[in-house]
Amino acid sequence: MKKLIVLLLLTSLAFSAYKVTDILRFIVPTGWPTPAYDFTQNPLSTDKIALGSALFYDAILSRDSTISCATCHSPYSAFTHIDHPFSHGIDNKIGTRNAPALMNLAWSTSFMWDGAIKHLDMQALAPMSNPDEMDESIKQVVSKLQHNKRYPILFFKAFSDSTITGEHTLKAISQFMLTLVSCNAKYDSVLRKEASFTEQETNGYRLFRANCASCHKEPLFTNNQFENNGLSVDTSLHDMGRMRITQDSANYLQFKVPSLRNIQFSYPYMHDGRFTRLQQVLNHYTNGITRSKTLSKPLQEPIVLSSNEKVDIIAFLYTLTDKTFLNNERFAYPKNILQ
Amino acid sequence: MRIPIFLLLLASTTLMSAQTTRIIPLRFIPTYDRNHTLTQGIHLQDSSFYSNDKDSIEIRTLKFYISGIQLNMDSDVVWKETNSYHLIDASNEQSLSVPLTIPIGIDFKRIIFNLGIDSATNVMGVQGGDLDPMRGMYWTWQSGYINFKMEGNSPLCKTRHHAFEFHIGGYHCPYNTFQCVSLPDHKAKEGINIYILLKELLSTIDLARTNQIMTPGKEALWISKEVKKCFTTFLDVR
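Residues numbered from 1 in each chain as written. Chains lettered and ligands numbered in written order. Predicted model: local features only at pLDDT ≥ 70, side-chain atom pairs only at ≥ 80, totals over all residues. Heavy atoms only, no water.

All right, on to the overall build of chain A then. Along chain A, the regular secondary structure elements total 14 helices and 4 strands. Burial status across chain A gives 54% buried among its 339 residues. For chain A, the share of sequence-separated contacts (at least 6 apart) that also reach a separation of at least 24 residues comes to 66%. When the accessible surface of chain A is totalled, it reaches about 16100 Å², and 54% of it is carbon and sulfur. (Helix = DSSP H or I, 4+ residues; strand = E, 2+ residues; numbered from the N terminus. Buried < 20%, exposed > 50% of the residue type's maximum accessible area, 1.4 Å probe, protein only. Contact = heavy atoms within 4.5 Å. Areas by Shrake-Rupley, 256 points an atom, 1.4 Å probe, with all protein chains shown as cover.)

Structure follows, in structure tokens:
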């Protein structure tokens, strides 16, 4: 197999008056759409990404310095909280929705299961301020960072300004999250003609395209839309989904279509993490659909799959596992900065 | 002594601009009603209680965004502020006065501005200055600026500490709370004075029933329309 290295970030050097500044270009994988994120408003740099990585892994963002972003978004599970339907935040409080995987965020047009957040830069504010997650205000975070030994220097390196602001804090966190691109699964190698599917995977891919791909659209495996996928209402939560944001009953029980990349390692599944295995997910689509007014159109007609076909689809879904993403040193805890 | 050319250029442009523009302060003056003008910069939490006929109301927080300031001569726009976003905070005297740098010779009859932040800016990436989320005027649980924030106490509110809280925002139709205010100018020597008659708003709200509005929706839209009515350039003491 020809070894191909996708260069995500091309480094060029530009000389400014005082120091050498890295200017990084975000590389869009071949065949992928244009990112939704406007990089001209927050141009990537090595120092900003490094600062963002430190902030992502630092519990200083929480009220009592116990919870960091990485607490619920661990790199080895595509930045979700493996095995946790709901994550536990500050004081062991439990949330009400499953922590989503973080990847390919540059292409996301909205964030959170209900699309409450419209821009990546603003996303970090939500877990930071949520009383069950980090329970801290951005104002307080900025003040703590300013009085920390480490951060004024890191902010100066990144933004040429050691006075810390909410804007710079959020932009740096965005920069790190934007680098979390997963585009090196077996599926991608097959598309690039460097590998080939097994017979079972080929059949699974065919079935996937016929039954799943209208919502889980390639190559990102999401259409960035909101759908009611026929889950029965959990009466202990009464989560109305997107309707909470739009207050429009047409959006009742609609949730954001998640990407299926790295799905093998991002269980449990669904907005409330009710399924732990992919087999359960497929059984839901064939036998478990709860019909209601807002049920997604593609699910109006029953999906019929034999158990062998389900196994084949799962074999295909495993080809979306990107080992180079899951074990990427660049995304790991920044020991050199935080210790 | 040699003077660098750029310094000469800088000096001349400064002089030129000093000659061609003037600064008109646009002052926001929160008041209760036409008889109770609060002096500028008074901290609302230090001020007295305001009797609202059957109620006494204390206002602790009054913050709102003003954007897109422009001056009109009849229907023609004669001047527009660029990058015009201002957070007005009644507890921060400095914020109550917005200096408008206007070319000399421009005459105007009306002052027009928006109350709140336009929908495009609401969904943009993070901004600095007055739009920085650390100013406490950006919702965290969903995207969007709080256009108008008023918090206080009233014995009518059967809430903890008799508190009322209005965080008014929302940029989506049909509940877009972004409001345009258009007022006549009175050619005051000291600048443009804009009074905010809070009684106009407080007398329309039944605080016993409505004391917490923290999300976009019908009620927020209604409040935003009432807030709009509080602004006046004409203080006619009765």
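Structure's up, so let's keep going.
Turning to unusual backbone geometry, a few remarks are in order. With an omega of -5°, the peptide bond between Tyr267 of chain A and Pro268 of chain A qualifies as cis. Checked against the element boundaries, Pro268 of chain A lands in the loop between strand E4 (255-256) and helix H11 (278-287). The step from Cys173 of chain B to Pro174 of chain B runs through a cis peptide bond, and the omega angle for that step is 0°. In this model, Gln247 of chain A sits at a positive phi of 55°, which is unusual for a non-glycine residue. Its location among the elements puts Gln247 of chain A in the loop between helix H10 (243-246) and E4.

Bringing helix H1 (residues 46-57) of chain A into the picture now. In this model H1 of chain A runs 17 Å from its N-terminal to its C-terminal C-alpha over 12 residues, within 8% of the 16 Å that 1.5 Å per residue would give. Of all 12 residues making up H1 of chain A, 9 are buried, and the element is well covered by its neighbours. (Expected span 1.5 Å × (residues − 1).)

So, about the interface of chain B and chain A. Across the boundary between the two partners, chain B contributes 19 residues, which contact 20 residues of chain A. Buried area between chain B and chain A, both sides added, is near 1700 Å², and the carbon and sulfur share of it is 64%. Sorting the residues of chain B by area buried against chain A places Val126, Met134 and Thr140 of chain B first, and these three jointly supply 37% of that buried surface. At the junction of chain B with chain A, the criterion picks out 0 salt bridges. At the boundary of chain B with chain A, the tally comes to 8 residue pairs in polar contact (both at pLDDT 80 or more). Of the residues that constitute the side of chain B that touches chain A, the class distribution is 11 nonpolar, 7 polar and 1 charged. (Buried area = accessible area lost by both parts, 1.4 Å probe. Salt bridge = Lys/Arg side-chain N within 4 Å of Asp/Glu carboxyl O. Polar contact = N/O pair within 3.5 Å; in protein donor to acceptor, adjacent residues only side chain to side chain. Nonpolar A, V, L, I, M, F, W, Y, C, P; charged D, E, K, R; others polar.)

The end-to-end C-alpha distance of helix H4 (residues 218-230) of chain B, which contains 13 residues, comes to 19 Å, matching closely the 18 Å that a straight helix rising 1.5 Å per residue would cover. Here H4 of chain B has its buried residues at Ala220, Leu221, Ile223, Ser224, Glu226, Val227 and Cys230 of chain B.

Moving on to the sheet that holds strand E6 (residues 97-103) of chain B. All names here are of chain B. Here 4 strands make up an open sheet; going across it, the order is E6-E1-E11-E13 and the pairing mixed. Two strands lie at the open edges of the sheet, namely E6 and strand E13 (231-232), each paired on one side alone. Across 7 bridges, the pairing between strand E1 (residues 21-31) and E6 is antiparallel. Note that in E6 the partner of Thr21 across the bridge is Pro103. (Pairing = 2+ DSSP bridges.)

Looking at the second largest pocket, its volume works out to about 730 Å³. In terms of lining residues, the second largest pocket is bounded by 31 residues, among which Lys63, Met134, Arg135, Gly136 and Lys149 of chain B are the most central. Listed by contribution, the elements that provide at least two residues to the lining of the second largest pocket are helix H4 (125-129) and helix H5 (138-146) of chain A together with strand E5 (85-89), E6, strand E8 (146-153) and strand E9 (163-169) of chain B. No other element matches E5 of chain B, which puts 4 residues into the lining of the second largest pocket. Here the lining of the second largest pocket is composed, by residue class, of 12 nonpolar, 11 polar and 8 charged. (1 Å grid on protein atoms, 1.4 Å probe; cavity = no way out; pocket = protein on both sides within 12 Å on 5 of 7 lines; lining within 4 Å. Points joined across faces, edges and corners; volume = space filled by probe spheres on them.)

Moving on to the state of the cysteines. All names here are of chain A. With the rule as written, the count across this model stands at 0 disulfides over all chains. Free of any disulfide, Cys215 has its nearest cysteine sulfur in Cys212, 9.3 Å distant. Cys215 gets classed as buried once you look at its relative accessible area, which sits at 13%. (Disulfide = S-S within 2.5 Å.)

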